[in-house]
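So you can see what is in the structure, the chains are spelled out below.
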Amino acid sequence: MGMIEKQGGVLPSTHVDKDKASKQDVAPRERYKSRREDRKPGDEEIETLRTDKIFLKRSESSMAVCTCGLIIDPRLPDQALFSRVSGVCKVLLRKWADVDDSNISVMKISGGITNMLLKAEVEGENEDKLPPVTVRVFGPNTDAVIDRDRELQALTYLSSAGFGAKLLGVFGNGMIQSFIFGRTLEPLDMGKPELAKLIAMEVRRLHELEIPGSKEPQLWNDIYKFIDKASGVIFEDSEKQKTYETISFENIKAEIEELRAISNNFDAPVVFAHNDLLSGNFMYNEDEGKLYIIDYEYGSHSYRGYDIANYFNEHAGFDCDYSLYPDKEKQFYFFRYYLHPENPEMSTIAELEEFYAECNFYSLVSHMYWATWAIVQVTI
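Quick look at the structure, then. Values in this document were obtained by computation on a predicted structure and should not be read as measured data. (Residues numbered from 1 in each chain as written. Predicted model: local features only at pLDDT ≥ 70, side-chain atom pairs only at ≥ 80, totals over all residues. Heavy atoms only, no water.)

**Focus: the overall build of the chain**
In step 1: If you tally the helices and strands in the chain, you get 11 helices and 13 strands.
In step 2: Counting only residues that meet the buried cut, the chain has 52% of its 380 residues in that class.
In step 3: Partitioning the contacts of the chain with sequence separation of at least 6, the portion at a separation of at least 24 is 71%.
In step 4: Within the structure as shown, the chain displays about 18300 Å² of accessible surface, and the carbon and sulfur contribution to it stands at 49%. (Helix = DSSP H or I, 4+ residues; strand = E, 2+ residues; numbered from the N terminus. Buried < 20%, exposed > 50% of the residue type's maximum accessible area, 1.4 Å probe, protein only. Contact = heavy atoms within 4.5 Å. Areas by Shrake-Rupley, 256 points an atom, 1.4 Å probe, with all protein chains shown as cover.)

Here you go:
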């Protein structure tokens, strides 16, 4: 097993591309290190939970990928941002190390709610046929709503099992993953039978995956975490503050306790859940007929019915058009392919009705989860 340098130590090289490179007798890692040392205090610094340190603490050596402590500041002007992204790719991806900077193309894919996504690829003559990669930069302060520790603990196992993009490297405030070719689904796609069938089977496959760690559902802990943060919010905008003061957190807590008590009556299976199955977290490659579930930053052990209920709620999209919420017939169609992917007609009416009650109860919990999340999110 080879050893790869990283900031502060060495990491066993296994599974994916590691970096050990030189260019004109100066390693990219050293070039970028010197650039960091030369910059003025405060340049390109942002508040971040050092992703690389969390990853090293959480990942097992048998699943380790290359790490470095470099930070990508998403506030940089595009030219400086793209240059920084290229540098991080050359440090973390062994086969990119000798590629000339002028042959690396970087473009923004999206500026999401919690992440900035960029696509980096090698252009021109590419003898190694290097595939493009996705560079995911976490937004500042997003640890207020996302448990990066928990995410990174699960990500190596998810990547190894073929869920989402393959993890290729981890840097100070983000990660490099394989680029998935396909289109992101829209809310209207979620109700299409051919896609609902694929989603049901892939969600079941996810729920069958064994992720090490506590199997206790994290749902209620997460909601209370959001409430604790939300109840101490102060808005500079007087109108927002006035609206905010109409919220009774005591009433919210009472409703959550009522929901929790009902939840105990369902005895729903606890699985590793995605917890954010909105349309934008599904990608579909039409040529291959393959569906991918991406972005597991809210993933945790939770109730099976909650994960599926959240998927049903997300049919409404960001416009909250609940006329798109799947009716009983559409839900039964989904349940059949979830329960018995090989033979959906094996599903009995009794188990379909039971599943229906479970999921439609947890749809209420999903609303509560994202409502409390949104109060925290709007402040950051």
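Back to the write-up after that little detour.
**A closer look at unusual backbone geometry**
Excluding glycine, most residues fall at negative phi; most peptide bonds, likewise, are trans.
In step 1: Although it is not a glycine, Asp267 adopts a positive phi angle of roughly 50°.
In step 2: Among the structural elements, Asp267 can be located in the loop between helix H8 (249–266) and strand S10 (270–273).
In step 3: With relative accessibility at 66%, the residue Asp267 sits in the exposed group.
In step 4: Phi at Asp295 is positive, roughly 55°, even though this residue is not glycine.
In step 5: Mapped onto the elements of the fold, Asp295 is located in the loop between strand S12 (290–293) and strand S13 (300–303).
In step 6: Overall, the relative accessible area of 21% leaves Asp295 in the partly exposed class.

**Quick word on the pattern of salt bridges**
In step 1: Applying the stated rule across the entire model yields 13 salt bridges.
In step 2: The shortest N-O distance in the salt bridge between Glu151 and Arg136 comes to 2.5 Å. Residue Glu151 is located in helix H4 (residues 148–160), and its partner Arg136 is located in strand S6 (residues 133–138); the two are separated by 15 residues in the primary sequence.
In step 3: The partner of Glu286 in a salt bridge is Arg183, and the shortest N-O contact between them spans 2.9 Å. Note that Glu286 is positioned in the loop between strand S11 (282–285) and S12 and Arg183 in strand S9 (residues 183–184), a separation of 103 residues in sequence.
In step 4: The class of Glu286 is exposed, set by a relative accessible area of 52%. (Salt bridge = Lys/Arg side-chain N within 4 Å of Asp/Glu carboxyl O.)

**Some thoughts on the packing of helix H6 (residues 219–230) against helix H11 (residues 349–379)**
Two measures define how a pair of helices packs: the angle their axes make with one another and the distance between the axes.
In step 1: In contact at an axis separation of 8 Å, H6 and H11 are set at 35° when each is read in the N-to-C sense. Classified by chirality, the crossing of H11 by H6 is left-handed. Taking contact as the criterion, the partners of Leu219, Trp220, Asp222, Ile223, Phe226, Ile227, Lys229 and Ala230 in H6 are, on H11, Val365, Tyr369, Thr372, Trp373, Ile375 and Val376.
In step 2: Of the residues contributing to the contact of H6 with H11, the split by class is 11 nonpolar, 1 polar and 2 charged. (Axes fitted to C-alpha atoms, helices over the stretch in contact; angles between N-to-C directions. Left-handed = near helix turned anticlockwise from the far one by under 90°. Nonpolar A, V, L, I, M, F, W, Y, C, P; charged D, E, K, R; others polar.)

**Comments concerning the packing of helix H5 (residues 193–207) against helix H9 (residues 304–313)**
In step 1: It is the contact of H5 with H9, at a shortest axis distance of 12 Å, that shows an interaxial angle of 150°. On the basis of their axis angle, the class for H5 and H9 is roughly antiparallel. When the axes of H5 and H9 are compared, the crossing they make is right-handed. Taken together, the residues of H9 that come into contact with H5 (itself represented by Ala196, Ile199, Val203 and His207) are Arg304, Asp307, Ile308 and Tyr311.
In step 2: Considered class by class, the residues forming the contact of H5 with H9 number 5 nonpolar, 1 polar and 2 charged. (Parallel < 35°, antiparallel > 145°, perpendicular 65-115°, else oblique.)

**A closer look at the packing of aromatic side chains**
In step 1: The full count for this structure, using the stated rule, is 25 aromatic pairs.
In step 2: Measuring from ring centre to ring centre gives 5.2 Å for Phe266 and Phe361, while their planes differ by 20°; the resulting arrangement is stacked. Pair noted here: Phe266 is in helix H8 and Phe361 is in helix H11, with a separation of 95 residues, a long-range link.
In step 3: Aromatic pair Trp370 and Trp373: ring centres 5.1 Å apart, planes at 80°, arrangement edge-to-face. Linking Trp370 with Trp373, this pair stays in helix H11, spanning 3 residues, or about one helical turn.
In step 4: For Trp370, a relative accessible area of 16% corresponds to the buried category.
In step 5: For the cation-ring pair, Arg205 lies above Phe163, with the distance from its terminal atom to the ring centre recorded as 3.9 Å.
In step 6: When the ring centre of Tyr356 is taken as reference, the NZ or CZ atom of Lys328 above it lies at 4.9 Å. (Phe/Tyr/Trp six-rings, centres within 6.5 Å; stacked < 30°, edge-to-face > 60°. Lys NZ or Arg CZ within 6 Å of the ring centre and 35° of its normal.)

**Focus on the layout of surface pockets**
In step 1: The computed volume of the largest pocket comes to approximately 1400 Å³.
In step 2: Residue lining of the largest pocket: 50 residues in total, with Asp276, Leu278, Gly280, Asn281 and Phe318 positioned closest to the centre.
In step 3: Only strand S4 (104–111), strand S5 (115–122), S6, H4, strand S8 (174–178), H9 and H11 provide two or more residues apiece to the lining of the largest pocket.
In step 4: A per-element tally of the lining of the largest pocket places H11 first, with 4 residues.
In step 5: Looking at the lining of the largest pocket residue by residue, the class counts come to 24 nonpolar, 18 polar and 8 charged.
In step 6: Shared between two domains, the lining of the largest pocket takes at least three residues from each, and those domains are domain 1 (54–178) and domain 2 (183–378). (1 Å grid on protein atoms, 1.4 Å probe; cavity = no way out; pocket = protein on both sides within 12 Å on 5 of 7 lines; lining within 4 Å. Points joined across faces, edges and corners; volume = space filled by probe spheres on them. Domains from an automatic or database assignment.)

**A word on H9**
In step 1: H9 sits mainly inside the fold: 10 of its 10 residues count as buried.
In step 2: Listing the buried residues of H9 in full gives Arg304, Gly305, Tyr306, Asp307, Ile308, Ala309, Asn310, Tyr311, Phe312 and Asn313.

**Regarding the environment of Gln377**
In step 1: In this fold, Gln377 is placed in helix H11.
In step 2: Residue classification places Gln377 among the buried residues on the basis of a relative accessible area of 14%.
In step 3: Between the C-alpha atoms of Gln377 and Phe226, which are 151 residues apart in sequence, the distance is 9.4 Å.

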